[in-house]
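# Close look at the chain arrangement
Below, each chain spelled out in residue letters.
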Amino acid sequence: MSGWIDPSAKFLARVEPGERSSMSTHPVYVISGVAGSGKTTLAHAWAPTMGAAIVDLAVVAANVVDTALHEHPEARQWQINAAYRVQRYRCLIDAITSERRSATVMAVAPFTQEIAGEAPWSQFVRDIGGKPVDLVWIQTGARALSERIALRGAARDAGRSDAAVPKPPPGVPHHAVNGELPVPEIVASLRSRFDNEG
């Protein structure tokens, strides 16, 4: 795969170290889970109840992916997503920091590397401007994942060997939700949880 991948620096945002330190600290809710767990669905149901802006990796990094697919038509989207991960997540980080200057943010992505342990999570929190940041992890069983992935028929899922495979919980503090419950029930649970904390 390395023969056709050229992770070009043209996709990297020009943000100087320390530039984020003066930003406002509106809350960020990080919504994590594997493909098909319901991250985007939850964000679109929950965000209006919190007056939050949604920052979705698939949306903010679409230009990176589209350009790379055009340059490498033989590649599948999941291969592009993996090879250009750094560039895609830089787009996400920049979008989060921009949006949270004026509003609460719900950030939607797998965040697989960021939630693996304390060190990468702490770095991610620093990169987006610091606390308050809360991680919501959607736990969904293999059968439900398979059904959802088949139903949506997204190009990004085609050919993935790891699709519909549940992952272990994050290695950092998080709020776990059952992704197989009705979405309104999940939203009510999260609102109650975070309202009580506030």
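Since the model is a prediction, treat every value here as computed from it, not as a measurement.

### What about the overall build of the protein?
Secondary structure assignment for the protein yields 8 helices and 5 strands. Going residue by residue from the N terminus, the α and β elements of the protein occur as β-α-β-α-α-α-α-β-α-β-α-β-α. The 198 residues of the protein split such that 43% are buried. In the protein, once contacts between residues fewer than 6 apart in sequence are set aside, the share between residues at least 24 apart is 79%. Summed over its atoms, the accessible surface of the protein is roughly 10100 Å², and 53% of this surface lies on carbon and sulfur atoms.

### Regarding the pattern of salt bridges
As enumerated under the stated definition, the model contains 2 salt bridges in all. One salt bridge connects arginine 85 with glutamate 114, and the closest N-O pair in it is separated by 2.7 Å. Of this pair, arginine 85 sits in helix α5 (residues 85-99) while glutamate 114 sits in the loop between β3 (105-108) and α6 (118-127), placing them 29 residues apart in sequence. Of the two residues, arginine 85 and glutamate 114, both sit in the buried class. Between glutamate 147 and arginine 143 there is a salt bridge; the shortest N-O distance is 3.4 Å. Pair noted here: glutamate 147 and arginine 143 are both in helix α7 (residues 142-152), with a separation of 4 residues, about one helical turn.

### A look at the confidence of the model for the protein
The predicted model of the protein averages 86 in pLDDT, with 80% of residues at 70 or higher. Low pLDDT, under 50, characterises residues 1-22; the stretch is placed with 38 contacts to residues that sit more than four places away or in other chains.

### Remarks on the pairing of β3
Burial along β3 is two-sided: Val105 and Ala107 facing one way and Met106 and Val108 facing the other are all buried. With 4 bridges connecting them, strand β1 (residues 28-32) and β3 associate as parallel partners. By the bridge assignment, valine 28 is partnered in β3 with valine 105. As defined by bridge partners, strand β2 (residues 53-56) adjoins β3 across 4 bridges and the pair is classed as parallel. When the sheet's bridge partners are listed, valine 55 is paired in β3 with alanine 107.

### Side note on the nonpolar core
One finds Val28, Val30, Leu92, Ile96, Phe111, Trp121 and Phe124 to be the most contacted residues of the largest nonpolar core, which totals 29 residues. At the level of secondary structure, the elements contributing two or more residues to this core comprise β1, α3 (62-71), α5, β3, α6 and β4 (133-139). The dominant element in this core, judged by the number of residues it contributes, is α5, at 6 residues. Among residues more than four places away in sequence, those in contact with valine 28 are Ile96, Arg100, Val105, Ala107, Ile128, Pro132, Val133 and Asp134.

### Quick notes on unusual backbone geometry
The phi torsion of most residues other than glycine is negative, and most of the peptide bonds are trans. Here lysine 131 and proline 132 are connected by a cis peptide whose omega angle stands at 5°. Of note, proline 132 is situated in the loop between α6 and β4. In this structure, phenylalanine 111 is a non-glycine residue whose phi angle is positive, near 55°.

### Side note on the environment of valine 60
You can see valine 60 is positioned in helix α2 (residues 57-60). Along the backbone, valine 60 and cysteine 91 are 31 residues apart, and their C-alpha atoms lie at a distance of 6.2 Å. Look past the residues within four positions of valine 60 in its chain and what remains in contact with it is Val55, Cys91, Leu92 and Ala95.

The rules behind these values
- Residues numbered from 1 in each chain as written.
- Predicted model: local features only at pLDDT ≥ 70, side-chain atom pairs only at ≥ 80, totals over all residues.
- Heavy atoms only, no water.
- Helix = DSSP H or I, 4+ residues; strand = E, 2+ residues; numbered from the N terminus.
- Buried < 20%, exposed > 50% of the residue type's maximum accessible area, 1.4 Å probe, protein only.
- Contact = heavy atoms within 4.5 Å.
- Areas by Shrake-Rupley, 256 points an atom, 1.4 Å probe, with all protein chains shown as cover.
- Salt bridge = Lys/Arg side-chain N within 4 Å of Asp/Glu carboxyl O.
- pLDDT = per-residue confidence, 0-100.
- Pairing = 2+ DSSP bridges.
- Core = buried A, V, L, I, M, F, W, Y, C linked by side-chain atoms within 4.5 Å.

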